[in-house]
Amino acid sequence: SNQAKPTMSAVQPTPGAASTAANSLLDAAPSAIPTLKVMRLQAGILGTPAAGALLSSNQTLSSNLLLPDSFGVIHVGETFSAYLGVLNSSSDLPVMDLSMVAQLQTPSRRLLLPTALDARNNKNNSSLREVAPGEGVDALISRRLEEVGQHILRVEVSYSNNGAKTLRKFYRFNVTD
């Protein structure tokens, strides 16, 4: 047949131009806005769940969790444990370069609560994640409570969306004798 066949031509990029162009595209790529869910874990019939449990449909943990506005009575000497989940509710955009930092502020100091989602824990930033549409990532934190008084769980989620963005949430609770 006399039909013309499509041809492909190769263009040789200038050294360094490809990575600069790729970085510019990544910086300009739209990103979804993440949703943060925080729940206190309490000892119960089910015991202590593993991270990822709420994103899995084969485990039910609702009887083991309290919403943040009802942390309940917490006493000195108890271990405060919480589930931190970051969800991407977008149907078409990923959440780009996600990192999460959790801190517990007591009456006298501020303590870092390490999570696998904290990019500062990793020198090569492998904790920066892309979260696909409809997916989520999560972590468990815990700390023995040693002081009476008001405590604040501070959670910061960082992500890229045409530049660096941050979502911060604070959860106050009282620790008694």
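Residues numbered from 1 in each chain as written. Predicted model: local features only at pLDDT ≥ 70, side-chain atom pairs only at ≥ 80, totals over all residues. Heavy atoms only, no water.

### Remarks on the pairing of strand 4 (residues 79-87)
In regular strands, side chains alternate between the two faces of the sheet. The element strand 4 is largely enclosed, with a buried count of seven among its nine residues. Of the strand pairs in this sheet, strand 1 (residues 35-41) and strand 4 are connected by seven bridges, and their pairing is antiparallel. Bridged to V38 within strand 4 is L84. Bridge analysis of strand 4 against strand 8 (residues 136-144) gives nine bridges, and the strand direction is antiparallel. Within the sheet, the bridge partner assigned to L84 lies in strand 8 and is A139. (Buried < 20%, exposed > 50% of the residue type's maximum accessible area, 1.4 Å probe, protein only. Helix = DSSP H or I, 4+ residues; strand = E, 2+ residues; numbered from the N terminus. Pairing = 2+ DSSP bridges.)

### Focus: the pairing of strand 6 (residues 110-113)
Burial along strand 6 is one-sided: the face carrying L111 and L113 is buried and the face carrying R110 and L112 is not. Across four bridges, the pairing between strand 5 (residues 95-105) and strand 6 is antiparallel. Counted as the bridge partner of L104 is L111 from strand 6.

### Brief notes about the nonpolar core
By size, the foremost hydrophobic cluster in this structure holds 28 residues, and its most contacted members are L36, F80, M100, L153 and F173. Counting only elements with at least two residues in this core, the list comes to strand 1, strand 4, strand 5, strand 8, strand 9 (149-160) and strand 10 (164-176). In terms of residues, this core owes the most to one element, strand 5, which gives five residues. Not counting chain neighbours up to four residues away, the residues in contact with L36 comprise G85, V86, M100, V155, V157, L167, K169 and Y171. (Core = buried A, V, L, I, M, F, W, Y, C linked by side-chain atoms within 4.5 Å. Contact = heavy atoms within 4.5 Å.)

### A word on the side chain of H151
Its location among the elements puts H151 in strand 9. One polar contact links the side chain of H151 to the main-chain carbonyl oxygen of G149, over a distance of 2.9 Å. Those residues in contact with H151 that lie beyond four places of it in its chain are L104, Q105, T106, P107, L145, Y171, R172, F173 and V175. (Polar contact = N/O pair within 3.5 Å; in protein donor to acceptor, adjacent residues only side chain to side chain.)

### Remarks on the pattern of salt bridges
Under the criterion given, the structure shown has three salt bridges. One salt bridge connects E78 with R40, and the closest N-O pair in it is separated by 3.3 Å. Within this pair, whereas E78 is found in the loop between strand 3 (74-75) and strand 4, its partner R40 is found in strand 1, the two being separated by 38 residues in sequence. For E78, a relative accessible area of 26% corresponds to the partly exposed category. Among the residues examined, R40 registers a relative accessible area of 3% and is labelled buried. (Salt bridge = Lys/Arg side-chain N within 4 Å of Asp/Glu carboxyl O.)

Honestly, it's all geometry; don't read function into it.
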